[in-house]
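Structural overview for review
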Amino acid sequence: MKTIVLIGDPNVGKSVLFSRLTGVDVISSNYPGTTVDYAKGRICWQGETMEIVDAPGTYSLETTNKAEDVALSLLDKADVIVNVIDATSLERCLLLTVELLAKRKPVVVALNMWDEAQHLGITINVHDLENLLQVPVIPTVAITGEGVKELVQRLDEARVSERPALTGEDQAWTEVGHIVRKVQTVAHRHHTFRDRLVDATVKPVTGLLTATVVLAALFWMVRLLGEGLIKYVATPLFNAYLAPITSLSDRLGPGFLRDILVGKLIDGQVDFIQSMGILSTGMFMPLGMVLPYIVAFYLALGFLEDTGYLPRLATITDNLFHKLGMHGHGVLPVLLGLGCKVPGVLSARTLETRKQRFISILLVGITVPCAAQTATIFGILGPRGIGYVAVVFGTQAAIFVLLGLILNRSSREECPELFLDIPPYRRPSLRAVAKKTWMRVRWFLAEALPLLFLGVLTASILDALGVTEKLASVTAPFMKSWFALPGEAVPALFSGFLRKELALGMLVPLKLTSAQLTVAITLFSFFPCIATFAVMWRELGGKDMLKAVLVMLLTALLVGGILRLVLVGWSP
Amino acid sequence: MAATTLPSALALPENGVCPITEIPVTQLPAGSSATIVALHGGSGFQRRLRSVGIREGKTLRMVASHPFAGPLVIEVDRKQITIGRGMAQRVAVVKAL
């Protein structure tokens with residue numbers, strides 16, 4: 001089977017094109033570095049099945065980060081290269097093109113963002129470009145699908161260019177300059193009022209103001225959407241669900257099966273938070289409590305991503321992140337981590353050095369609350385008073401900064417500087433954002449539901465076997481003296497390892513005081529769930545993961561202890 | 001900053017005695033434009049900058065310069081790029097006349 005690899009500069013639309021070609025959904029956004037790994041899909045054309053690979057973006061064949069290494073290694077496996085270039089920045093994209101042509105592999109060029117180039121008054125003579133490159137060049141608008149069919153039709157015209165081999169970089173640039181002069185004309189354009197507004201969002205003062213407003217709007221929108229979904233969708237649904245599950249509970253009668261499926265009855269009633277059955281808590285926690293916020297968060301983030309604002313945010317926050325041992329790009333894993341830590345940790349790949357990646361992954365892993373955590377913190381601690389919620393989030397934010405400062409000093413390795421391409425602002429398409437949200441939600445459901453069921457099941461079995469009680473009594477003295485928490489909080493902590501929602505649900509029946517509950521929730525939030533743990537391990541490797549776990553334990557021990565002193569006082 | 005003459009790659013005025021000061025791009029005020037004349041650094045550094053369009057002979061516009069040794073935002077060929085101050089220090093320009 002033929003392998004076709006999509007290669008091009010970052011943010012030229014490779015992933016959009018890939019989705020168009022294969023129908024395989026991949027996340028695409030308006031900022032460089034969305035794709036950090038490859039995706040594969042297949043197409044069938046004239047009876048021949050071909051494999052299409054979407055590679056991370058790279059500016060040239062000399063790589064500077066991990067994501068670009070992935071792109072380069074894919075190149076060797078390619079039978080045909082589809083070089084995706086951005087028609088609005090022909091000159092710099094062509095450097096990679098001439099490098100690829102020199103590899104002596106069959107190439108087809110997709111001249112993407114063709115519509116945008118026309119809007120900007122950029123005219124490119126495609127016919128002349130084809131002649132100069134000696135490979136097919138097809139103008140495309142991946143976002144609308146224009147030209148994609150022609151691209152497929154001409155895949156078998158891909159050929160090895162017979163241009164003379166390159167002798168060096170200078171010559172490559174000379175060739176590029178020569179080509180651009182021949183095929184491109186650019187209409188002169190004045191600096192407009194709109195341009196000035198656009199510039200204001202990366203300037204120091206106006207940029208900081210913009211960032212504040214944008215982030216506030218993001219969280220306001222998440223809350224508004226999340227609460228709306230809970231009030232008008234989730235609550236009515238689960239109210240209706242109470243009747244069938246109560247009748248199931250009656251029909252089953254007391255016994256192990258009811259304990260597993262429905263859980264314990266609280267005051268003779270099924271309680272969605274405390275019952276701890278697969279069909280009660282196991283359904284309510286992810287679907288009734290967390291899902292509305294997940295949907296809300298990814299809708300809002302999706303919009304923000306597609307506007308092209310995020311690289312500007314990275315520019316504005318660069319100074320802060322340098323103090324924490326990273327550069328401004330470190331804001332991205334944090335933002336993604338607020339949704340789910342797994343993609344958050346993965347996006348740290350776009351950071352260049354090991355030190356940066358370590359700090360970023362560790363901070364996201366232990367101090368950034370994911371949507372599931374946020375939803376449960378609001379759900380369980382919210383009724384006790386917004387002040388307690390503020391303590392939990394405030395502590396996490398403080399630890400984020402403090403740990404960053406400390407970790408930055410722990411190694412002398414210099415952080416490289418921010419070097420980032422800023423894409424133009426674009427109007428997000430509702431369809432694209434909705435599709436992207438659905439993909440991320442689907443991923444959450446596939447990952448969260450099985451683990452939650454498993455967690456509920458394990459908790460019920462351990463409870464029935466008396467392990468829970470034993471564990472609680474063994475750890476009781478330590479928990480009591482250090483955190484002023486009962487030993488029963490430990491089983492909850494362990495189940496929190498599977499899914500965050502679960503731990504918090506198990507805390508409710510313990511009848512803790514508000515202060516104790518705040519300590520417990522803060523403590524739990526330092527431990528990432530098992531899915532995050534696994535991806536952290538994979539990204540960091542064994543040695544760094546061990547360090548990360550030590551930092552995690554130390555932080556939990558210290559911060560939990562201090563918080564206990566402040567909130568509960570010395571005597572338990 | 002030592003004053004140097006314009007590299008031969010760029011055309012000099014008729015009389016040929018027009019000494020133009022080469023300054024690092026960091027000294028360019030926001031809103032003004034200049035021509036890139038040199039990238040002082042190793043080949044990796046030069047390559048990285050050139051690959052996003054920051055090349056000798058190109059005109060750049062300073063969009064924003066962040067305080068406290070923060071990054072700069074420059075525009076080349078209508079594309080904006082954020083670049084750290086240390087790297088920008090090594091990009092030499094001459095002001096557009």
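Residues numbered from 1 in each chain as written. Chains lettered and ligands numbered in written order. Predicted model: local features only at pLDDT ≥ 70, side-chain atom pairs only at ≥ 80, totals over all residues.

On to the overall build of chain B, then. Each helix and strand counted, chain B has two helices and six strands in total. Along chain B, helices and strands appear, N-terminal first, in the series β-β-α-β-β-β-α-β. Counting all 97 residues of chain B, 36% fall into the buried class. Relative to all contacts within chain B whose residues are 6 or more apart in sequence, the contacts with residues 24 or more apart total 56%. (Helix = DSSP H or I, 4+ residues; strand = E, 2+ residues; numbered from the N terminus. Buried ≥ 20, exposed ≤ 12 C-beta atoms within 10 Å, placed from the backbone. Contact = placed C-beta atoms within 7 Å.)

A few words now on the overall build of chain A. Scanning chain A from terminus to terminus reveals 25 helices and 11 strands. At 27 Å, chain A has a C-alpha radius of gyration in line with the 25 Å of a compact globule built from 572 residues. Overall, the C-alpha framework of chain A stretches about 80 × 55 × 45 Å when taken along its three principal axes. Counting across all 572 residues of chain A, residues that qualify as buried make up 49%. (Rg over C-alpha atoms; globule rule 2.2 N^0.38 Å.)

On to the interface of chain A and chain B. Taken together, the contact pairs 24 residues of chain A with 24 residues of chain B. The set of elements that each furnish at least two residues to the side of chain A that touches chain B consists of α3 (90-101), α7 (169-183), α12 (310-316), α13 (318-323) and β11 (419-422) of chain A. At four residues, β11 of chain A tops the list of elements feeding residues into the side of chain A that touches chain B. Split by residue class, the side of chain A that touches chain B holds 10 nonpolar, five polar and nine charged. Bridge analysis of β11 of chain A against strand β5 (residues 79-83) of chain B gives four bridges, and the strand direction is antiparallel. Bridge pairing in β5 of chain B places phenylalanine 419 of chain A opposite isoleucine 83 of chain B. (Nonpolar A, V, L, I, M, F, W, Y, C, P; charged D, E, K, R; others polar. Pairing = 2+ DSSP bridges.)

With that out of the way, let us pick up the pairing of strand β6 (residues 91-95) of chain B. Residues and elements named next belong to chain B. Summarising the sheet, strand β1 (residues 23-24) and β6 pair through two bridges and their orientation is antiparallel. Bridged to proline 24 within β6 is alanine 92. Across five bridges, the pairing between strand β2 (residues 33-39) and β6 is antiparallel. Bridge pairing links alanine 34 to lysine 95 in β6.

All right, on to the sheet that holds strand β5 (residues 107-112) of chain A then. All names here are of chain A. Pairing is mixed across the open sheet formed by six strands, whose spatial order is β2-β3-β1-β4-β5-β7. Strands with a single pairing partner mark the edges of an open sheet, and in this sheet they are β2 (39-45) and β7 (137-139). Strand-to-strand twist in this sheet, taken as the mean axis angle between neighbours without regard to direction, amounts to 25°. One ladder, built from five bridges, connects strand β1 (residues 2-8) with strand β3 (residues 48-54); its direction is parallel. (Axes fitted to C-alpha atoms, helices over the stretch in contact; angles between N-to-C directions.)

Membership of the largest hydrophobic core comes to 182 residues, with the highest contact counts inside it found for Leu6, Phe297, Ala371 and Ala520 of chain A together with Ile74 of chain B. In terms of residue count, helix α11 (residues 281-307) of chain A provides more of this core than any other element does, 15 residues in total. Lining this core are residues from two domains, each supplying at least three of them: domain 1 (2-186) and domain 2 (204-250 + 260-411 + 433-567) of chain A. Judged by nonpolar contacts, the second largest core, of six residues, contains Ile245, Leu261, Val262 and Leu279 of chain A. (Core = buried A, V, L, I, M, F, W, Y, C linked by C-beta atoms within 7 Å. Domains from an automatic or database assignment.)

Glancing now at unusual backbone geometry. Residue and element names in this part refer to chain A. Of note, glutamine 134 is a non-glycine position whose phi angle comes to about 65°, a positive value. With respect to the helices and strands, glutamine 134 occurs in the loop between α5 (126-133) and β7. For alanine 484, which is not a glycine, the phi torsion comes out positive at approximately 60°. Relative to the helices and strands, alanine 484 is located in the loop between α20 (467-483) and α21 (489-498).

The next thing to look at is the sheet that holds β5 of chain B. Pairing is antiparallel across the open sheet formed by seven strands, whose spatial order is β11(A)-β5(B)-β4(B)-β3(B)-β2(B)-β6(B)-β1(B). Unpaired on one side and paired on the other, β11 of chain A together with β1 of chain B mark the two borders of the sheet. Of the strand pairs in this sheet, strand β4 (residues 72-76) of chain B and β5 of chain B are connected by five bridges, and their pairing is antiparallel. Within β5 of chain B, the residue paired with leucine 72 of chain B across the bridge is isoleucine 83 of chain B.

Time to look at the domain arrangement of chain A. Residues and elements named next belong to chain A. Domain annotation for chain A reports domain 1 (2-186) and domain 2 (204-250 + 260-411 + 433-567). Taking only C-alpha atoms, the centre of domain 1 and the centre of domain 2 are 40 Å apart. Domain 1 puts 11 residues into the contact, and the matching count from domain 2 is 14 residues. Classifying every residue of the side of domain 1 that touches domain 2 by side-chain character gives four nonpolar, five polar and two charged.

Glancing now at the environment of isoleucine 27 of chain A. Residue and element names in this part refer to chain A. Structurally, isoleucine 27 is set in the loop between α1 (14-22) and β2. The class for isoleucine 27 is partly exposed, based on 17 C-beta atoms found within 10 Å. Expressed as a C-alpha distance, the spacing of isoleucine 27 and lysine 435, which sit 408 residues apart in the sequence, is 9.0 Å. If we skip the residues at most four places from it in the chain, isoleucine 27 touches Thr34, Lys436 and Met439.

Quick look at the confidence of the model for chain B now. Any region with low pLDDT has predicted coordinates that should not be read closely. Residues and elements named next belong to chain B. Looking at chain B as a whole, its pLDDT mean stands at 83, while 78% of the residues score no less than 70. Ranking the helices and strands of chain B by mean pLDDT puts β4 first, with 95, and helix α1 (residues 43-51) last, with 88. Contacts for the low-pLDDT stretch residues 1-9, under 50 throughout, to residues beyond four places or in other chains number 13 contacts. (pLDDT = per-residue confidence, 0-100.)

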